[in-house]
Each structure stands twice: as structure tokens, then as C-alpha cells.
2 protein chains.
Amino acid sequence: MKRRSTASKEEVLAVLKAEETAMSHDMLQSKLSVSMDRATIYRILNRFCEDGQVHKFVGDDGKQYFALCINCGDETEHHHHNHFHFKCLECGKVECLRDEVEVSLPKGYVTRSFNGFISGVCAGCSSLKKGEE
Amino acid sequence: MKRRSTASKEEVLAVLKAEETAMSHDMLQSKLSVSMDRATIYRILNRFCEDGQVHKFVGDDGKQYFALCINCGDETEHHHHNHFHFKCLECGKVECLRDEVEVSLPKGYVTRSFNGFISGVCAGCSSLKKGEE
DNA sequence: TTATTATTGCAACAAAGTCGCATTAATTAA
DNA sequence: TTAATTAATGCGACTTTGTTGCAATAATAA
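Residues numbered from 1 in each chain as written. Chains lettered and ligands numbered in written order. Predicted model: local features only at pLDDT ≥ 70, side-chain atom pairs only at ≥ 80, totals over all residues. Heavy atoms only, no water.

What follows is about unusual backbone geometry. Positive phi, close to 55°, is recorded for E20 of chain A, a residue that is not glycine. Inspection of the secondary structure assignment puts E20 of chain A in the loop between α1 (7–19) and β1 (23–24). (Helix = DSSP H or I, 4+ residues; strand = E, 2+ residues; numbered from the N terminus.)

Below, the structure is given as C-alpha cells:
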């Protein structure tokens, strides 16, 4: 299964880079300059995940989000992504929080996957709100 | 809107207590001794949430899970549920992890909701697996 | 240029969750 | 005990998310 370079693929990648936020499928689709099928977008994104360019997580809205694997620290391929994701409820931006989080599990428990998600208001938006008052 | 005590409501509560695990709608439905409509189950659970008997969170499968507000520590009504939930991929049990988790947000960021979810293997199941080898 | 096969679009589908509305039934008042 | 009030339920319809099969398209290798 060698990957082929296609316009769709490049476009998805371009949007992910340009927007600088993790994106759910629908966020992405609305930003695409070329229209493409929902299934295609999912397939492209999941391929990126397999290739380690992108990682996937679940938001507190139950949706899958996809983020470029940059600014996520120096993760290597089999690395657990033990960081939180933060979604700003004002501007909609979803970002990776830098610090790795350690959760102490009870004795004998083993982690397979980690999903940390916080919703709130980011610095930019909370200062704006202060300004408005 | 005074709450009424109904058989359905009691049954849902009974299952939640008996199973001792957080449950998604479908897990719950399959354990009910009385069949009831999907919408009804959701409405009952969401009412429990409003009343503070139950809290809700999202699993890494994107589903909503509901857990009784016991063994979750001494949360008061407006308390953030800053604890992780752990789902055992072997036995399916979903439990609240005791320790409260502190995530240090960048300056100016405000938390509105917290969702921490870990999948893996619980102590019981991982010791069983050792035994099998 | 042709053969190979990864990629795409389309349609269909399943599952999760919500909502409106008519009916049922728990509670309160008479 | 009966009647009135209205919360709770069941049903159906619907939206959204995500996946999959299959035929058509197109990127790559021969």
C-alpha cells in the first residue's frame, strides 16, 4: 500500500497547516477550497494517522478531532499522546496543551489509550471579553 | 417541574447501582429487565444529571457515559468533575479514578469542562491474563 | 502506452442522540 | 374516591457522525 500524492490529500494537509487548530471532520470540510466527499476526508485523515503525521482524539462533543503532529512535543511513533486538548468555546480553536500529564492508575492497571479534553475560554478570547465589559 | 417516581426511573437507577460501572446508553439498555424506549432512557439519565445524582462524560468511543455520583469523592453541586474515567477493554467496566487531576493551563485560559478518559486493562483482568499464559 | 492498484465518489448503512406530539400515569386538589 | 393537572413515556422522525462496498478514476510502475 504505497501512498499516492493526490490533490485532495494536499488540500486537507494545507488546511490543517493553515488553520493551526485541531479539526473535526465538519470544521475541515467547511474550510476546504475544493469540495470532496465526507468519506474521502475521513479516509485521508485516517491515513495520515496511520502514517503518524496526524493524531486523532475525541472531543467532549463526541466528535473525532485530527491534529498535525507538530507542536505536540517530540513524540516518537509508538508514543502515547498523554497531553490534553483544549477547545475554546468562543473562537472554536482546538489546541494541544504542551505538558504531558501523568495520571496515577491503581496498581495493576495498564493504559492503552489516553484522551484528555478540556473546554473553556482561551487567553485571547478571555481578554477580549474583559475588554467588552 | 417536580419529579415523579416511576418504575422506569427506579429500574434505571437499580441497574446503575447493581452494575457498579458507568454505563453508556446501550450498555444500560441491554441490562434493563424492563424494556423501555431509547429516548426515555436518555431523558431519565439526563434528569439524574440535572439532579446531581449522576454525572455524564464522553468516552474515547465518542459515546456518553453516565455514572452514579458516589465513590467520586465529595463533590458538591457546582464542582468540576476533574477526575479521569477508566474503561477496561477486557471486562468493559468503566470506573471513576479517585485522584483529582490538575492540568496547568496557559496563562489566561479558563476551564469550563473537563473530560479525562483512559482505556486499558484493569487489575482484575490483567492478572487473569497473566494466569492464562 | 499499458497495467496495476491506490484513491475517490456515491450510495447505503448503523449507531448515537434529540425532539415533537399524542398518550399514559403520578400527584394534587376537590 | 374522583377529577384535574402535568410530568413521564412511547413512537416516529430526524440530524449528525462515522464506516463500508463497489464501481469509476487516476497516480505510479512497467
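Moving on, we come to helix α1 (residues 7–19) of chain B. Residues and elements named next belong to chain B. When the terminal C-alpha atoms of α1 are compared, their 18 Å separation across 13 residues agrees well with the 18 Å that a helix rising 1.5 Å per residue should span. Turning to α1, its buried residues number three or more, namely K9, E11, V12, L13, V15 and L16. Buried positions along α1 lie against β1 (23–24), α2 (25–31), α3 (38–51), β2 (54–58) and β3 (64–68). Within two residues after α1, E20 carries a phi angle of roughly 50°, on the positive side. (Expected span 1.5 Å × (residues − 1). Buried < 20%, exposed > 50% of the residue type's maximum accessible area, 1.4 Å probe, protein only. Contact = heavy atoms within 4.5 Å.)

Turning next to the sheet that holds β1 of chain A. All names here are of chain A. Taking strand neighbours across the sheet as the criterion, the 3 strands line up as β1-β3-β2 in an open arrangement whose pairing is antiparallel. One side of each edge strand has no neighbouring strand; the edge strands of this open sheet are β1 and β2 (54–58). Pairing between β1 and strand β3 (residues 64–68): 2 bridges, direction antiparallel. Each residue of the ladder has a partner; that of S24, found in β3, is Y65. Most of the contacts of α1 go to β3, to which it runs at about 80°, and overall it touches β1, β2 and β3. Relative to β2, helix α3 (residues 38–50) is tilted by about 110°, and along the sheet it contacts β2 and β3. (Pairing = 2+ DSSP bridges. Axes fitted to C-alpha atoms, helices over the stretch in contact; angles between N-to-C directions.)

Moving on: the protein's contact with DNA strand C. Residues in close proximity to DNA strand C total 26 residues, the closest being T40 of chain A together with R38, Y42, K63 and Q64 of chain B. Each atom of DNA strand C within 4 Å of the protein was assigned to sugar, phosphate or base; sugar and phosphate come to 62%. Measuring from a sugar or linking oxygen of DNA strand C, one finds a backbone N or O atom of K2 of chain A at 3.3 Å. At a separation of 2.8 Å, a base oxygen of DNA strand C approaches a polar side-chain atom of R38 of chain B. Among the elements that line the surface near DNA strand C, the one with the most residues is α3 of chain A, at 6 residues. The residue makeup of the surface near DNA strand C, split by class, is 6 nonpolar, 7 polar and 13 charged. (Near = heavy atom within 4 Å. Polar contact = N/O pair within 3.5 Å; in protein donor to acceptor, adjacent residues only side chain to side chain. Nonpolar A, V, L, I, M, F, W, Y, C, P; charged D, E, K, R; others polar.)

Here we take up the protein's contact with DNA strand D. Lining the immediate surroundings of DNA strand D are 26 residues, of which R38, Y42, K63 and Q64 of chain A together with T40 of chain B lie closest. Taken together, the sugar and phosphate atoms account for 61% of what DNA strand D places within 4 Å of the protein. One of the side-chain nitrogen or oxygen atoms of S8 of chain B is found 3.4 Å away from a phosphate oxygen of DNA strand D. The contact in question runs from a base oxygen of DNA strand D to an N or O atom on the side chain of R43 of chain B, over 2.9 Å. Among the elements that make up the surface near DNA strand D, the one with the highest residue count is α3 of chain B (6 residues). Grouping the amino acids of the surface near DNA strand D by side-chain chemistry returns 6 nonpolar, 7 polar and 13 charged.

Quick look at the sheet that holds β3 of chain B now. All names here are of chain B. Taken together, 3 strands build an open sheet; the order of strands is β1-β3-β2 and the sheet is antiparallel. The sheet is open, and its two borders are formed by β1 and β2, each paired with just one other strand. Bridge analysis of β2 against β3 gives 5 bridges, and the strand direction is antiparallel. Its bridge partner being in β3, F57 is matched across the sheet by Y65. Across the sheet, α1 is in contact with β1, β2 and β3; its angle to β3 comes to roughly 80°. Along the sheet face, α3 touches β2 and β3 and points at about 110° away from the line of β2.

This part takes up the pairing of strand β5 (residues 94–100) of chain B. Looking along a regular strand, one sees the side chains alternate between the two faces of the sheet. Residue and element names in this part refer to chain B. Relative to β5, strand β4 (residues 83–88) is paired through 4 bridges, and the arrangement is antiparallel. In the strand pairing of β5, H83 is matched with E100. The turn linking β4 back onto β5 is made up of 5 residues, and G92 within it adopts a positive phi angle of 85°.

The next thing to look at is the interface of chain B and chain A. If you look at the interface, chain B gives 34 residues, while chain A gives 34 residues. The contact between chain B and chain A buries some 2700 Å² in all, and 58% of this surface belongs to carbon and sulfur atoms. For the chain B face of the interface with chain A, the top three residues by lost area are Y109, R112 and N115 of chain B, together amounting to 20%. For the pair chain B and chain A, the number of links is 0 salt bridges. For the side of chain B that touches chain A, the elements supplying multiple residues, two or more each, are β4, β5, β6 (110–121) and α4 (123–132) of chain B. It is β6 of chain B that provides the largest number of residues to the side of chain B that touches chain A, a total of 12 residues. Residue classes in the side of chain B that touches chain A are distributed as 17 nonpolar, 11 polar and 6 charged. Inspection of the sheet shows strand β6 (residues 110–121) of chain A paired to β6 of chain B by 11 bridges, in the antiparallel sense. When the sheet's bridge partners are listed, V110 of chain A is paired in β6 of chain B with V121 of chain B. (Buried area = accessible area lost by both parts, 1.4 Å probe. Salt bridge = Lys/Arg side-chain N within 4 Å of Asp/Glu carboxyl O.)

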